[in-house]
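A closer look at the structure
Chain residues, written in single-letter form:
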Amino acid sequence: MGLLLLLGVFAVGVVIGAPVAFAMGIAAAVTFWFEGFPTLITFQRATAGVSVFSLLAIPFFIFAGEIMLHGGIAKRLVNLASALVGHFKGGLAMVNIFSSMLFGGISGSAVADISALGSLLVPVMKERGYRPDFAVNVTVTSSIAGIVIPPSHNMIIFAVAAGGGISLSKLFLAGVIPGILMCVSLAIAAWILSVRHNYPAEPFPGWGVVGRAAMDAIPGFMTAVIIVGGTLSGVFTVTESGAFGAIYALLLTAFYYRSLTWKALMLSVTGAVRTTAMVMILIAFASSFAYLLALYQVPAKLSGLLGAISDNPIVILLMINVILLVLGMIMDMAALILICTPIFMPIAVGLGMDPTQFGIMMLINLGIGLCTPPVGTCLFVGCAVGRVKIEDAVRTIWPFYLAIFAALMLVTYVPAVSLWLPSVME
C-alpha cells in the first residue's frame, strides 16, 4: 500500500504539471507520514543526498559549459568541423553532427549544444536548401553526444546514484568510443538522407584553412582536455578539474579570444546558477524517493518479475532498455538516473554486465528520451530554435532514432565498445 501511495502521488504530480523534483518530494513526504515516520525524514534524506563532495563538480562543469556557450567557442568549433567535413554530400548536416561531438565534449550539456549550435547552423542549413525539419532533427539528435562524451555532469549524477562505487575516470573513458560511434551512426543516416534529397555539398576550403581553423579552435577544446585529463591523470580530483576548467574557460574567452562581454558573463553566471539549483533540488528529493524504493525492496521485486518473464540475459537487457526508453519519453533524464540506477543496475550486474557499461547504456538510452515527445527537452528547444512544429519534426526523425538505437544495442551487447578504452588506459 505504501509503494502504491508513493508511486500514485508521484504520478499525479507529474500529470498535473508539477516539477518532477517537487512531485518526488511531496510523494516521499506523504509516504513517510503514511508509514508513521516523521515527515522531517524527507528533508534529512534530501540533505544527505546532496552532501556528497563529488557533486561540487557539477556547478563547475555547468559554468564552464555556459562560458563556452556565450564566449564564442561554439563558432570556432563549427568553423573547424566545416573545414573538415563540409565538403561531403549534405556537408552542413555533417558539420552539425561533428560540431556537436566537439562542443558536447566541452559543455557536457545537450541543451547547451542545441542553443549554441542550433542558432548558428539551422538558419544556414535552411538557406542552403535543407528542409527545416531535417535541420532540426540533425541538431536535436546529435546534441545528446554531450551526455556521453566527457566531461558530463550526468556521469557524476550516475556515479552518485550508483552508490559512489563507480570510478569517474573509468566512466569518462568509457563514454568516448560510444559517443563517437553514435555521431558516426548519425552522420551515416544524414548522408543517406542527403543523397536521397540531393542536399548540397560545400566546397573544400583547402588544408591551409583547415589548419587555421584548428589552431583557432584548439585553445577552446583544451577546456575538455584540462577537465578530463586532470581527472584521468590523478593530478586533480573531478571537482578540482571542473574548477580549473571553468577558470581556464573564463580566462580564455575574456583575455585570449576577447569574445566574452559583460552581458555574456552575466548570462553565463545566471544560467549556471539556475541549472545547478534545478539539478541539486532534483538530486535532493530523488534521494528521499529512492530511499523509499529501497525500503519497499523494489529492485529485488522487479528483478524477480523480469526473471519470471525470461531467464535469457539478452532478453532481460532488452526489456530494461525498453522500460528506460518508455520512461525517458515521459520524465526528465536526471530524475530517471537517480531513480532507475539503484533499481536496474543490480539486475544488470547480476547478469554479468560491468557497472560502467550499464552507466553508458543508461545515458545513451535516456538521451534518446530527450529527443522524444511528450517531455523531450532537446526536441522542444530544437524546434523552438528552428521554428519548426514538433509534429513536423517527429514525423521525419525516425532514421536518426534508428541510428542512435543501433549504437545503443552495440553498447548493450558488446562490452568492448565501452570498456576497451578504460582497460587500455588503466
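Before reading on, note that the structure itself is shown above.
Since this is a predicted model, take the numbers as computed values, not measurements. (Residues numbered from 1 in each chain as written. Predicted model: local features only at pLDDT ≥ 70, side-chain atom pairs only at ≥ 80, totals over all residues. Heavy atoms only, no water.)

Re the overall build of the chain
We count it as follows: The numbering of helices and of strands both runs from the N terminus, where a helix is a DSSP run of H or I of at least 4 residues and a strand a run of E of at least 2. The globule rule used for comparison is 2.2 Å times the number of residues to the exponent 0.38, while the radius of gyration itself is calculated over C-alpha atoms. Relative accessibility decides the category of a residue: with a 1.4 Å probe and only protein chains considered, values under 20% of the type maximum give buried, values over 50% give exposed, and everything between is partly exposed. Shrake-Rupley sampling with a 1.4 Å probe provides the accessible areas, and residues are treated as covered by the protein chains on show and by no other component. Charged residues are defined here as Lys and Arg on the positive side and Asp and Glu on the negative side; His and the ends of the chain fall outside this count. By convention, charge coordinates are those of NZ in Lys, CZ in Arg, CG in Asp, or CD in Glu.
Along its length, the chain carries 23 helices and zero strands. A globule of 426 residues ought to have a C-alpha radius of gyration of about 22 Å, and the chain, at 21 Å, matches this closely. Its C-alpha atoms give the chain principal-axis dimensions of about 70 × 45 × 45 Å. The proportion of buried residues among the 426 residues of the chain is 55%. Carbon and sulfur atoms make up 72% of the accessible area of the chain, which totals about 17400 Å². In the chain, 17 positive and 14 negative side-chain charges are present, and the distance between their average locations comes to 10 Å.

Some thoughts on unusual backbone geometry
A positive phi angle is found at Asn198, which is not glycine, with a value near 55°. Within the secondary structure, Asn198 sits in the loop between helix H12 (176-197) and helix H13 (207-233). Here Asn198 falls in the exposed class, since its relative accessible area comes to 56%.

Structural notes on the packing of helix H3 (residues 40-50) against helix H15 (residues 262-295)
How we decide: Between N-to-C directions, angles span 0 to 180 degrees; the directions come from axes that are lines fitted to C-alpha atoms, helices contributing only their stretch in contact. Small angles under 35 degrees read as roughly parallel and large ones over 145 as roughly antiparallel, with 65 to 115 read as roughly perpendicular and the rest as oblique. Note on convention: near helix rotated counterclockwise from far helix by under a right angle means a left-handed crossing. Clockwise means right-handed. Residue contacts are defined here by distance: any two heavy atoms, one from each residue, within 4.5 Å place the two residues in contact.
H15 packs onto H3 with a crossing angle of 120° between their chain directions and a minimal axis gap of 7 Å. It follows from the interaxial angle that H3 and H15 lie oblique. As for the relative orientation of H3 and H15, their crossing is right-handed in sense. Contact with H3, carried on its side by Thr42, Phe43, Arg45, Ala46, Gly49 and Val50, involves Met280, Ile283, Ala284, Phe285, Ser287, Ser288 and Tyr291 of H15 and no other residues of that element.

Describing helix H19 (residues 355-369)
Think of an α-helix as 3.6 residues a turn; residues three or four steps apart then line up on the same face. Applicable threshold: To estimate the expected span of a helix, subtract one from its residue number and multiply by 1.5 Å. Under the rule applied, a polar contact is a pair of N or O atoms within 3.5 Å (in protein, one hydrogen donor and one hydrogen acceptor; residues adjacent in sequence only if both atoms are side-chain atoms).
End to end, H19 covers 21 Å across 15 residues, agreeing with the expected 21 Å (1.5 Å per residue, within 8%). One side-chain oxygen at the N-terminal end of H19 lies 2.8 Å from the backbone nitrogen of Thr356; it belongs to Asp354.

Quick notes on the state of the cysteines
Condition: Any cysteine sulfur atom paired with another within 2.5 Å is treated as part of a disulfide.
Under the criterion given, the structure shown has zero disulfides. Cys371 forms no disulfide, and the closest cysteine sulfur to it belongs to Cys378, at a distance of 5.4 Å. Note on Cys371: relative accessible area 0%, which makes it buried.

Concerning the nonpolar core
Filter applied, for reference: Throughout, nonpolar core names a set of buried Ala, Val, Leu, Ile, Met, Phe, Trp, Tyr and Cys residues whose side chains join them through atoms within 4.5 Å.
Counting residues in each nonpolar core, the largest one holds 149 residues, and the members touching the most others are Met24 and Phe134. Discounting residues that sit within four places of it in the chain, Phe134 has contacts with Ala93, Met125, Ala190, Leu193, Ser194, Tyr199 and Phe400.

Topic: the side chain of Thr139
Relative to the elements of secondary structure, Thr139 occurs in helix H8 (residues 132-142). Overall, the relative accessible area of 2% leaves Thr139 in the buried class. Aside from chain neighbours lying at most four places away, what touches Thr139 is Asn96, Ile114, Gly118 and Val122.

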